[in-house]
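Spelled out from the first residue to the last, the chains are:
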Amino acid sequence: MPRTLPASFILEKNKIYNSDPWLLLIELQVSSTSSFYLTNSMTSITSNGDVFDPYPIKIDKIPSSDEGDLTKIRVTVSNITRQLMTYIETSSGLVGYTLLLQIFNAANLND
């Protein structure tokens, strides 16, 4: 299904140069009752009452089908603190767990 993007998002994505960074907010479900809230920002970001902590994150190109559905995305989250290791080892690498990804331009965090 095609996505509707806020006008400010479209304006920022169409710029040749952005002075404000693109930020990722990731809610990574690690169990039926626990999630990690991570961001690639240098500082914590609060969104909908959740605090997203700075963490090294990388995403690959986001492919979509002709209908606009996301088929698969590779998200790489650093495990330098080893906090995720217990969940990775006991949950088959977290394959099949929910990951909510939000992308914002720092100029328009309220959108």
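Note that the structure is a prediction, hence the values are computed from the model and not measured. (Residues numbered from 1 in each chain as written. Predicted model: local features only at pLDDT ≥ 70, side-chain atom pairs only at ≥ 80, totals over all residues. Heavy atoms only, no water.)

Caption draft 1: Looking closely at the packing of aromatic side chains. Scanning the model with the defined rule gives two aromatic pairs in all. Ring geometry for Phe-36 against Tyr-87: centres 5.8 Å apart, planes inclined by 80°, an arrangement best described as edge-to-face. Here Phe-36 is found in strand β2 (residues 35-39), whereas its partner Tyr-87 is found in helix α2 (residues 85-90), with 51 residues between them in sequence. Exposure remark for Phe-36: the relative accessible area of 18% places this residue in the buried category. Among the residues examined, Tyr-87 registers a relative accessible area of 26% and is labelled partly exposed. (Phe/Tyr/Trp six-rings, centres within 6.5 Å; stacked < 30°, edge-to-face > 60°. Helix = DSSP H or I, 4+ residues; strand = E, 2+ residues; numbered from the N terminus. Buried < 20%, exposed > 50% of the residue type's maximum accessible area, 1.4 Å probe, protein only.)

Caption draft 2: Here's a closer look at the sheet that holds β2. Overall, mixed pairing links the five strands, which are arranged β3-β4-β2-β1-β7 in an open sheet. With one partner strand each, in any of the chains shown, β3 (45-47) and β7 (99-105) form the two edges of the open sheet. On average, adjacent strands in this sheet sit at an angle of 30° to one another, irrespective of strand direction. Alignment of strand β1 (residues 22-29) against β2, held across five bridges, turns out to be antiparallel. Directly across from Leu-25, in β2, lies its bridge partner Thr-39. (Pairing = 2+ DSSP bridges. Axes fitted to C-alpha atoms, helices over the stretch in contact; angles between N-to-C directions.)

Caption draft 3: Highlighting a nonpolar patch on the surface. Taken together, the side chains of Ile-62, Leu-70, Ile-73 and Ile-103 define a hydrophobic patch exposed on the protein surface, amounting to about 290 Å² of accessible area. Within the secondary structure, Ile-73 sits in the loop between β5 (57-59) and β6 (75-77). (Patch = residues over 30% accessible without salt bridge, like charges linked within 9 Å, V, L, I, M, F, W, Y side chains within 5 Å. Areas by Shrake-Rupley, 256 points an atom, 1.4 Å probe, with all protein chains shown as cover. Salt bridge = Lys/Arg side-chain N within 4 Å of Asp/Glu carboxyl O.)

Caption draft 4: Highlighting the confidence of the model for the chain. Looking at the chain as a whole, its pLDDT mean stands at 80, while 89% of the residues score no less than 70. Within the chain, no element has a lower average pLDDT than helix α1 (residues 7-13), which sits at 71, and none a higher one than strand β4 (residues 50-54), at 92. (pLDDT = per-residue confidence, 0-100.)

Caption draft 5: Highlighting the pairing of β2. Between β1 and β2, which follow one another and run antiparallel, lie five residues. Where β2 and β4 come together, two bridges link them in parallel fashion. Bridging across to β4, Thr-39 finds its partner in Pro-54.

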